[in-house]
Amino acid sequence: MELQVSICKKLTNRTSNEFILDAEFECRNEMIVLFGPSGAGKTLTLDCIAGLEHPDAGCIKVNSTVYFDSEKNIDISPQKRRVGYLFQNYALFPHLTVEENILFGMSSGKDSKELERMLDIFEIHGLEKRYPSQLSGGQRQRVALARALITKPQILLLDEPFSSIDHITRVRLRRDLKKIREMIEIPIVLITHNPVEAYTMADTLVVYRHGGIEQIGTPKEIFARPKSRNVARLVGMNNIFKGKVLEIREDGVVIQGREKITAPAVQDLKIGEEVIWGIRPDHVMVLREDRSIGKAVEENIFSGRINEIVSKGATYLLFTEGDLDLEIEMPSHVFERLCLEQGRTIRVSLKKSAIHIIREFPKDRNIPGDLL
Amino acid sequence: MRDRPYCADMVSSDVDSMDYSPLVLSLWISLVATIIIAVFGTLTAYVLARKRFFGRTLLDAFTTLPMILPPTVTGYYLIILLGKNGIIGNHIYNLTGWSIMFTWQAAVVAATVVAIPIMIKSAKAAIESVDIEYEKAAFTLGKSEIQTFFLVTLPLAKRGLIAGLILSFARALGEFGATIMVAGNIPGKTSTMPLAIYSAVQSGEDQLATMLVILLTAVSIAIIYITTKISKTDRY
């Protein structure tokens with residue numbers, strides 16, 4: 001593994017609120033995305049990797065170089081770690097020109113060839129003599145990336161690169177990051193709190209909760225099979241219900257909550273066990289009354305009254321009240337074809353394969369209430 | 001001289017033979033004090049702004065003290081420290097046979113001690129206003145703390161530092177109480193402008209006093225004018 005992180009750090013502030021970060025993950029030369037609510041300790045993790053913060057205990061290893069090891073008393077200074085760090089506000093030096101900023105980390109002084117290469121990659125030719133205050137947000141970000149990469153870092157850290165930039169810049173950044181990944185083989189750690197960016201960018205997704213890690217896996221895995229209610233909420237699985245296992249069959253389990261539903265079989269489930277189950281809003285199917293129900297969807301049919309309709313542009317959100325209170329997301333063209341309106345009663349089908357059972361253990365560790 | 005209205009004397013022949021040594025002395029002493037203040041004031045301010053250590057609040061309070069204390073009190077403490085029998089002064093005297101008391105160097109010490117809190121206060125505020133993220137960025141780009149200080153922190157805090165230096169210089173120029181305690185009022189040696197003005201008024205030389213006051217006012221205005229010009233030349 002090219003990046004190994006296993007750290008523990010306690011922060012105390014004046015209001016006597018104690019914050020403990022306990023994080024452990026590893027990755028290859030790939031994009032690893034730290035995803036979670038703000039205040040979870042994601043930036044603190046990056047600062048520990050960069051050497052700007054010092055963990056109380058643990059170990060950080062990049063490409064067989066030990067950056068930090070509390071047992072062996074190793075703590076390499078940030079200057080010697082060779083980390084490329086893109087700060088959230090880019091931290092471009094306002095008193096230096098673009099060229100001076102990019103060359104800031106070069107010990108050999110002006111290296112015109114490398115500078116040219118960076119200007120090429122990030123398409124920032126012609127800006128060399130400008131000051132950061134004379135650049136657009138996207139240009140600033142690319143200059144900051146050039147400054148971080150020109151020193152040939154061992155690892156690249158990106159703190160919320162997708163926040164506070166417009167849509168076009170975001171598309172461009174996605175392209176630039178792809179280019180960087182093809183160009184250099186180093187681990188890239190990216191922080192985001194946007195589920196869409198997390199899903200599209202990550203090879204490995206690390207879901208943070210307040211002070212620690214909730215789940216690690218591929219984005220596909222985590223979005224379809226969140227391990228806890230917390231993760232489910234973070235990845236947009238907004239329909240979550242409680243129930244008791246009523247029956248275990250060969251092809252699935254029956255869960256009794258407010259209604260009876262059939263879910264895919266899960267190992268080691270016991271009859272009578274309390275479980276949580278959920279379904280993504282985009283996996284709820286609204287049935288057309290003018291057509292007969294297909295075989296695949298004949299299970300888990302419920303009806304409800306549309307309470308609220310929210311247009312998100314490409315998709316619509318429906319909130320229904322009835323057998324189950326559901327959030328439904330559907331493409332606009334489907335919404336328009338179905339001629340739905342507020343107050344109408346509709347029937348929906350929760351496809352068995354789309355239902356996910358969360359077996360949460362009751363020892364909920366200090367999770368703030370608003371996340372539940 | 002007293003019985004004539006002194007305004008009439010303003011353009012008399014005395015002016016030509018005026019002794020400029022108080023002005024030269026004042027500028028020299030203030031300049032040396034300001035250079036010392038620039039180095040140690042900035043250093044102390046950086047430590048106070050960026051470092052967390054035991055006794056930090058105490059150091060902060062201690063460096064502010066000369067601003068609060070009456071200058072004569074500060075002067076008295078300086079005598080205790082630097083006098084021939086003083087805590088430090090006695091060692092210097094024993095080693096070299098020289099005492100700093102009643103020399104221009106003593107006036108520099110007095111001006112420095114009285115004016116340095118102003119520099120520390122404004123430099124600390126200026127350094128604190130520099131986003132620490134810039135320094136962190138410089139660290140990850142391989143720059144040591146000293147390099148970062150000179151390449152990043154200092155240029156970004158420049159305005160506040162210059163402002164602090166101007167105010168300190170002005171304070172040093174006007175220093176009276178502590179100076180008279182440790183340096184006396186020896187004409188041509190330690191008699192700076194404020195002391196010379198005081199002496200002139202005391203001895204009834206109103207014409208001289210007026211000239212010195214006008215001179216000091218002119219110098220002060222000139223300093224303010226020049227420094228506002230300088231601080232307007234930022235490119236970014």
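These numbers come from a predicted model, not from an experiment.

## Overview of the overall build of chain A
In step 1: Secondary structure summary: chain A contains ten helices and 21 strands in total.
In step 2: Counting only C-alpha atoms and orienting by the principal axes, one finds that chain A spans roughly 75 × 50 × 40 Å.
In step 3: Across the 372 residues of chain A, 50% fall into the buried class.
In step 4: In chain A, the share of contacts with a sequence separation of at least 24, taken over all contacts with a separation of at least 6, comes to 64%.
In step 5: When the accessible surface of chain A is totalled, it reaches about 18100 Å², and 48% of it is carbon and sulfur.
In step 6: For chain A, the separation between the mean place of its 52 positive charges and that of its 53 negative charges on side chains is 1 Å.

## A word on the sheet that holds strand β14 (residues 260-263) of chain A
Residue and element names in this part refer to chain A.
In step 1: Spatial ordering of the open sheet is given by β14-β13-β12-β15-β21, a layout of five strands whose pairing is antiparallel. The open sheet has two edge strands with one neighbour each: β14 and β21 (356-358). Strand-to-strand twist in this sheet, taken as the mean axis angle between neighbours without regard to direction, amounts to 45°.
In step 2: Two strands pair when backbone bridges link them, and strand β13 (residues 253-256) and β14 are joined in this way by four bridges, in the antiparallel orientation.

## Here we look at the pairing of strand β9 (residues 188-192) of chain A
Each regular strand displays side chains that alternate between the two surfaces of the sheet.
Residues and elements named next belong to chain A.
In step 1: Within β9, five of the five residues are buried, which leaves the element mostly enclosed by the surrounding structure.
In step 2: Going residue by residue along β9, you find Ile-188, Leu-190 and Thr-192 tucked away on one face and Val-189 and Ile-191 tucked away on the opposite face as well.
In step 3: Where strand β8 (residues 155-158) lies against β9, three bridges are found, and the strand directions are parallel. Along β9, the bridge assignment pairs Leu-158 with Leu-190.
In step 4: With helix α6 (residues 167-183) bridging β8 and the parallel β9, this β-α-β connection has right-handed handedness.

## Considerations on the environment of Ser-99 of chain B
Residue and element names in this part refer to chain B.
In step 1: Secondary-structure assignment places Ser-99 in the loop between α4 (89-96) and α5 (104-128).
In step 2: Residue classification places Ser-99 among the buried residues on the basis of a relative accessible area of 15%.
In step 3: Separated by 17 residues in sequence, Ser-99 and Leu-82 place their C-alpha atoms 7.9 Å apart.
In step 4: Once residues lying within four places of it in the same chain are set aside, the contact partners of Ser-99 are Leu-82, Lys-84 and Tyr-93.

## Quick word on the sheet that holds strand β19 (residues 326-331) of chain A
Strands in a sheet are paired, the pairing made by backbone hydrogen bonds, and the direction either parallel or antiparallel.
All names here are of chain A.
In step 1: With antiparallel pairing, the five strands of this open sheet are ordered in space as β16-β20-β17-β18-β19. Both edges of this open sheet fall to β16 (284-286) and β19, since each of them pairs with a single strand only. Sheet twist, expressed as the mean angle between neighbouring strand axes with direction ignored, is 45°.
In step 2: Where β16 lies against strand β20 (residues 345-350), three bridges are found, and the strand directions are antiparallel. Residue Met-285 lies in a different strand from β20, and its bridge partner there is Ser-349.

## Some remarks on the confidence of the model for chain B
All names here are of chain B.
In step 1: Of the residues in chain B, 89% have a pLDDT of 70 or more, and the chain-wide mean is 89.
In step 2: Taken together, the stretch residues 1-14 has pLDDT below 50 and engages in 14 contacts with residues farther than four places along the chain or on a different chain.
In step 3: Of the two predicted TM-score estimates for the complex, the pTM is 0.83 and the ipTM is 0.84.

## Re the pattern of salt bridges
Residues and elements named next belong to chain A.
In step 1: One pass over the structure, following the stated rule, counts 27 salt bridges over all chains.
In step 2: Here Lys-179 makes a salt bridge to Glu-123, at a shortest N to O gap of 3.8 Å. Of this pair, Lys-179 sits in helix α6 while Glu-123 sits in the loop between α4 (112-121) and α5 (137-149); the two residues are 56 residues apart in sequence, bridging distant segments of the chain.
In step 3: Given a relative accessible area of 45%, Glu-123 falls into the partly exposed group.
In step 4: In this structure, Arg-174 engages Glu-197 in a salt bridge whose closest nitrogen and oxygen atoms are separated by 3.4 Å. One end of the pair, Arg-174, is in helix α6; the other, Glu-197, is in helix α7 (residues 195-201), with 23 residues separating them in the sequence.

## A closer look at the confidence of the model for chain A
In step 1: Within chain A, residue pLDDT values average 89, and 94% of them lie at 70 or more.
In step 2: Counting contacts from residues 362-372 of chain A, a segment whose pLDDT is below 50, to residues more than four positions away or on other chains yields twelve contacts.

## Brief notes about the environment of Gln-267 of chain A
In step 1: Position of Gln-267 of chain A among the secondary structure elements: in the loop between β14 and β15 (274-279).
In step 2: Take Gln-267 of chain A: its relative accessible area is 66%, and that puts it in the exposed class.

## Examining the interface of chain A and chain B
In step 1: Facing 21 residues of chain A, the contacting portion of chain B comprises 19 residues.
In step 2: Each partner contributes to the roughly 1900 Å² buried at the junction of chain A and chain B, and carbon and sulfur atoms together form 67% of this total.
In step 3: Considering only the surface of chain A that becomes buried against chain B, Gln-79, His-95 and Phe-104 of chain A emerge as the three largest contributors, covering 34% of it.
In step 4: Counting across the interface, chain A meets chain B through one salt bridge.

## Thoughts on the side chain of Arg-81 of chain A
Residues and elements named next belong to chain A.
In step 1: Structurally, Arg-81 can be placed in helix α2 (residues 78-81).
In step 2: Arg-81 sits in the buried class, given a relative accessible area of 1%.
In step 3: A polar contact is formed between the side chain of Arg-81 and the backbone oxygen of Ile-49, at a distance of 2.9 Å.
In step 4: Among the polar contacts made by the side chain of Arg-81, one reaches the main-chain carbonyl oxygen of Ile-76 at a distance of 2.8 Å.

Rules and cut-offs
Residues numbered from 1 in each chain as written. Chains lettered and ligands numbered in written order. Predicted model: local features only at pLDDT ≥ 70, side-chain atom pairs only at ≥ 80, totals over all residues. Heavy atoms only, no water. Helix = DSSP H or I, 4+ residues; strand = E, 2+ residues; numbered from the N terminus. Buried < 20%, exposed > 50% of the residue type's maximum accessible area, 1.4 Å probe, protein only. Contact = heavy atoms within 4.5 Å. Areas by Shrake-Rupley, 256 points an atom, 1.4 Å probe, with all protein chains shown as cover. Lys, Arg positive; Asp, Glu negative; His and termini not counted. Charge placed at Lys NZ, Arg CZ, Asp CG, Glu CD. Pairing = 2+ DSSP bridges. Axes fitted to C-alpha atoms, helices over the stretch in contact; angles between N-to-C directions. Right-handed = clockwise from strand over helix to strand, strands pointing away. pLDDT = per-residue confidence, 0-100. Salt bridge = Lys/Arg side-chain N within 4 Å of Asp/Glu carboxyl O. Buried area = accessible area lost by both parts, 1.4 Å probe. Polar contact = N/O pair within 3.5 Å; in protein donor to acceptor, adjacent residues only side chain to side chain.

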